[in-house]
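Descriptive structure summary
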Amino acid sequence: MTPPTRPQEDPPVITVAQVLGLHGLGLRPLVTGDTSLPVSWVATSELTDPTPYLNGGEIILFTGLTSPTARPAWEDYVRRLADRGVVALGTGVGGRLTWDRVPEELTAAARGAGLTLFEVPERTPFLRIIQEVAGLRAAEERTALETTLAHQRALTRAATAVDGSVQVLRALAALLPGAWAAVCTADAEIRERSAPGTPALPSDLSLEQLVGRLRGAGLRGSLSESGPRGGVVVHPLGVHGDPDGYLVVVLPGPVERAQAATITTAVALLSLHAERTAEQRLSRRRIRAGALALLLGGDVRAGDALLAVAGDDAWGGTVRRVRAVRLRGGPERTREALRRLEAHAERTGHRVLAGTPAPGGSGSSGEEDTPVLVEDAPAVLAALRRIVELADLRAGIGGSAALDDAATSHGQALDTLERTAARQRIGTWDDVVAGGVAGLLPPEPARAWARELLEPLTSQGPAGERLLATLRVFLTHNGNRRQTAEDLGVHRNTLLHQLQLVEKALRRSLDDPQLRADLWIALHLPGDQQAPS
């Protein structure tokens, strides 16, 4: 994973133009280069080559005590300074100094290099210039601190609102002109945003890719990307454990120091809000799980009373038909699926109630079973299927039932869940019932019974397969021998002979209605076809 990048901690910006405009210093520009360049410091040096002692961004002050006298030497001197990143050059002039006026060779060299050159009058000590720049920096730092404190207060006020997280996002976007802010999940689904829509990201990476780069870092990572269309910052939210979400801020330009401080304050407030919300959500989920247990037990009145404690509307009298669902899968995937399902229900006005997870069935190491009760509505069932498939869970969906008979649907959901498999991860009671009595029998015992019943025929190889095919058609026509012979395209006597062979193998008469029923079920068990149709 690419290590998260952080905004550079630059000092307050002081430009060459600000220094030249300092009141009372009498600084007179001779060559005007790029005066918008930031000034890191003001240094004095009479060395013919001071560059080994410079970091870049300095204004160099000198009097010319050891300076060159020929134009080529001045050009080399100025070029070295410009290449090192010096942003301006100031020289003292006066009767008691090296020269009364700046040498033309120096002026020409500065003009050729595009380096700002200015005169410092004899009455202005170099130390005063340094002190004035230091004062500018201190003032800028005070302004930055005051701005940061004002932003902190504004964000804190926003966080105290009922919808605190949304208000923090809106306040953050207002404090950073042109910015857009949102909170998204680990899979980049936006939960809340400062304004409608989603702006284009400044880099070539998608939001899902940006969040994906941080997912493995937990709460420790952060990320800042810049591009031709601006900058984007992503921070995880939370206090401990896995991130509860991610703050995404899109800016019209690169992230500045003051902006980074404001974003950091928003991260802290949103993290505290997420922690508080998570605790409230956990408490509410426990209450709702208790209400679900009561509803599945048939006590609708007590269940509704408990839902009222959680701040939910009653189910009794408002929800006519329900379906119980049993989810099985890993805890993280199940929690995310439930969150998505509940979010869908809130958007559509439907009802969903999740219970307490329990260890999954045999062979489901590390998996949990979670009961869920949903309103019987096509939109809810469609969303449920989509969410379960996306989370790679297994689900058994019970039949439609009245609310006071939810326990029956729950039993059906459990039975259906056990019939699901890797290739068919979602099962519904409706599909089970559509398969007739054969579909309602416990799968493994039923198949074992069918194998034992049909073994006298299946053990005969190809001859037994032909007898099974004949038997299937015979049972399809409810024992009508004439219709069976016509369907198979054989003579009636040939059919009678084949049926006698079946009776001989089974040691029972096909006129026995119980045998016919047993054979029909055995031949139609799901996933256990004993002979070709």
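All values derive from a computational prediction rather than experimental measurement.

Here's the deal with the overall build of the protein chain
Summing up its helical and strand segments, the protein chain has 18 helices and 17 strands in all. Against the globule reference of 24 Å for 533 residues, the protein chain gives a C-alpha radius of gyration of 40 Å, more extended than a compact globule. With respect to the three principal axes, the spread of C-alpha positions in the protein chain is 140 × 55 × 35 Å. Counting all 533 residues of the protein chain, 45% fall into the buried class. Here the contacts in the protein chain between residues at least 6 apart in sequence split such that 64% fall between residues at least 24 apart. With the model as given, the accessible surface of the protein chain reaches about 26900 Å², and the carbon-plus-sulfur share is 53%. The averaged location of the 62 negative side-chain charges in the protein chain is 3 Å from the averaged location of its 58 positive side-chain charges.

Focus on helix 4 (residues 126-159)
For helix 4, with 34 residues, the first-to-last C-alpha span of 49 Å sits near the 50 Å given by 1.5 Å per residue. Where helix 4 is concerned, the buried positions are F126, I129, I130, V133, L136, R137, T148, H151, A154, L155, A158 and A159.

What about the environment of S409?
The topology assignment puts S409 in helix 11 (residues 406-419). A residue is classified by how much of its surface remains accessible, and S409, at 0% relative accessible area, is buried. Sequence spacing of S409 and Q280 is 129 residues, and the spatial spacing of their C-alpha atoms is 30 Å. At a separation of 2.7 Å, a polar atom in the side chain of S409 contacts the main-chain carbonyl oxygen of G399.

A few points about the packing of helix 4 against helix 5 (residues 164-175)
Two numbers describe how helix 4 lies on helix 5: the axes approach to 7 Å, and their chain directions differ by 155 degrees. It follows that helix 4 is roughly antiparallel to helix 5 by the angle criterion. Note on packing geometry: the crossing formed by helix 4 with helix 5 is right-handed. Contacts between helix 4 and helix 5 involve H151, A154, L155, A158 and A159 from the former and G164, Q167, V168, A171, L172 and L175 from the latter. Split into classes, the residues belonging to the contact of helix 4 with helix 5 amount to 8 nonpolar, 3 polar and no charged.

Side note on the sheet that holds strand 8 (residues 223-227)
What holds strands together in a sheet is hydrogen bonding between their backbones, with the strands either parallel or antiparallel. The 5 strands lie next to each other as 7-6-10-9-8, forming an open sheet whose pairing is antiparallel. Only two strands of the sheet have a single partner each, and these edge strands are strand 7 (190-193) and strand 8. Averaged over all adjacent pairs, the angle separating strand axes in this sheet is 20 degrees, with direction ignored. Two strands pair when backbone bridges link them, and strand 6 (residues 180-184) and strand 7 are joined in this way by 3 bridges, in the antiparallel orientation.

Considering unusual backbone geometry
Positive phi values are uncommon outside glycine, yet D392 reaches one of about 60 degrees. Along the chain, D392 turns up in the loop between helix 10 (378-391) and strand 15 (394-397). Using a relative accessible area of 41% as the deciding quantity, one classes D392 as partly exposed. Of note, the phi angle at R507 is positive, near 60 degrees, even though the residue is not glycine. Residue placement: R507 occurs in the loop between helix 17 (492-506) and helix 18 (513-523).

Focus on the side chain of R288
Mapped onto the fold, R288 is located in helix 7 (residues 257-296). In this structure the side chain of R288 is engaged in a polar contact, spanning 2.9 Å, whose partner is the backbone oxygen of V352. Ignoring sequence-local partners within four residues, the contact set of R288 consists of L307, A310, D312, E342, V352, L353 and A354.

Looking at the packing of helix 15 (residues 462-476) against helix 18
Geometry of a packed helix pair, given as the angle between the helix axes and the separation of the axes. The N-to-C vectors of helix 15 and helix 18 enclose an angle of 115 degrees; their axes lie 10 Å apart at closest approach. You can see that helix 15 and helix 18 cross each other, and the crossing is left-handed. Where helix 15 abuts helix 18, its residues L468, L471, R472, F474, L475 and T476 lie against R516, L519, W520 and L523. A class-by-class count of the residues in the contact of helix 15 with helix 18 yields 7 nonpolar, 1 polar and 2 charged.

With respect to the sheet that holds strand 5 (residues 116-121)
Read from one edge of the open sheet, 5 strands run 1-5-4-3-2, paired in mixed fashion. At either end of the open sheet lies a strand with only one pairing partner, and these are strand 1 (28-31) and strand 2 (41-44). Each strand of the sheet is rotated relative to its neighbour by a mean of 25 degrees, with strand direction disregarded. The pairing of strand 3 (residues 58-62) with strand 4 (residues 88-93) spans 4 bridges and is parallel. In the sheet register, F62 faces strand 4, and the bridge partner there is T91. Across the face of the sheet, helix 4 comes into contact with strand 2, strand 3, strand 4 and strand 5 while running at roughly 165 degrees to strand 2.

Some details on the packing of aromatic side chains
Evaluation of the coordinates by the stated rule reveals 5 aromatic pairs. Arranged with centres 5.8 Å apart and planes meeting at 50 degrees, the rings of F62 and Y77 form a pair that is tilted. Here the residue F62 occupies a position in strand 3, and Y77 occupies one in helix 2 (residues 71-84), the gap between them amounting to 15 residues. Each ring, one from W74 and one from Y77, has its centre 5.8 Å from the other, and the planes form 80 degrees; the classification is edge-to-face. Residue W74 and its partner Y77 are both found in helix 2; the two are separated by 3 residues, about one turn of the helix. Residue class for Y77 comes out buried when judged on its relative accessible area of 2%.

What to know about the pattern of salt bridges
Using the criterion set out here, one finds 25 salt bridges in the structure. Where R288 meets D312, a salt bridge forms, and the shortest distance between an N and an O atom there is 2.5 Å. In this pair, R288 sits in helix 7 while D312 sits in the loop between helix 8 (300-309) and strand 11 (321-329), placing the two residues 24 residues apart along the sequence. Side by side, R288 and D312 carry an identical accessibility label, which is buried. Put simply, D511 and R516 hold a salt bridge, and the shortest N to O gap is 3.8 Å.

Conventions we followed
Residues numbered from 1 in each chain as written. Predicted model: local features only at pLDDT ≥ 70, side-chain atom pairs only at ≥ 80, totals over all residues. Heavy atoms only, no water. Helix = DSSP H or I, 4+ residues; strand = E, 2+ residues; numbered from the N terminus. Rg over C-alpha atoms; globule rule 2.2 N^0.38 Å. Buried < 20%, exposed > 50% of the residue type's maximum accessible area, 1.4 Å probe, protein only. Contact = heavy atoms within 4.5 Å. Areas by Shrake-Rupley, 256 points an atom, 1.4 Å probe, with all protein chains shown as cover. Lys, Arg positive; Asp, Glu negative; His and termini not counted. Charge placed at Lys NZ, Arg CZ, Asp CG, Glu CD. Expected span 1.5 Å × (residues − 1). Polar contact = N/O pair within 3.5 Å; in protein donor to acceptor, adjacent residues only side chain to side chain. Axes fitted to C-alpha atoms, helices over the stretch in contact; angles between N-to-C directions. Parallel < 35°, antiparallel > 145°, perpendicular 65-115°, else oblique. Left-handed = near helix turned anticlockwise from the far one by under 90°. Nonpolar A, V, L, I, M, F, W, Y, C, P; charged D, E, K, R; others polar. Pairing = 2+ DSSP bridges. Phe/Tyr/Trp six-rings, centres within 6.5 Å; stacked < 30°, edge-to-face > 60°. Salt bridge = Lys/Arg side-chain N within 4 Å of Asp/Glu carboxyl O.

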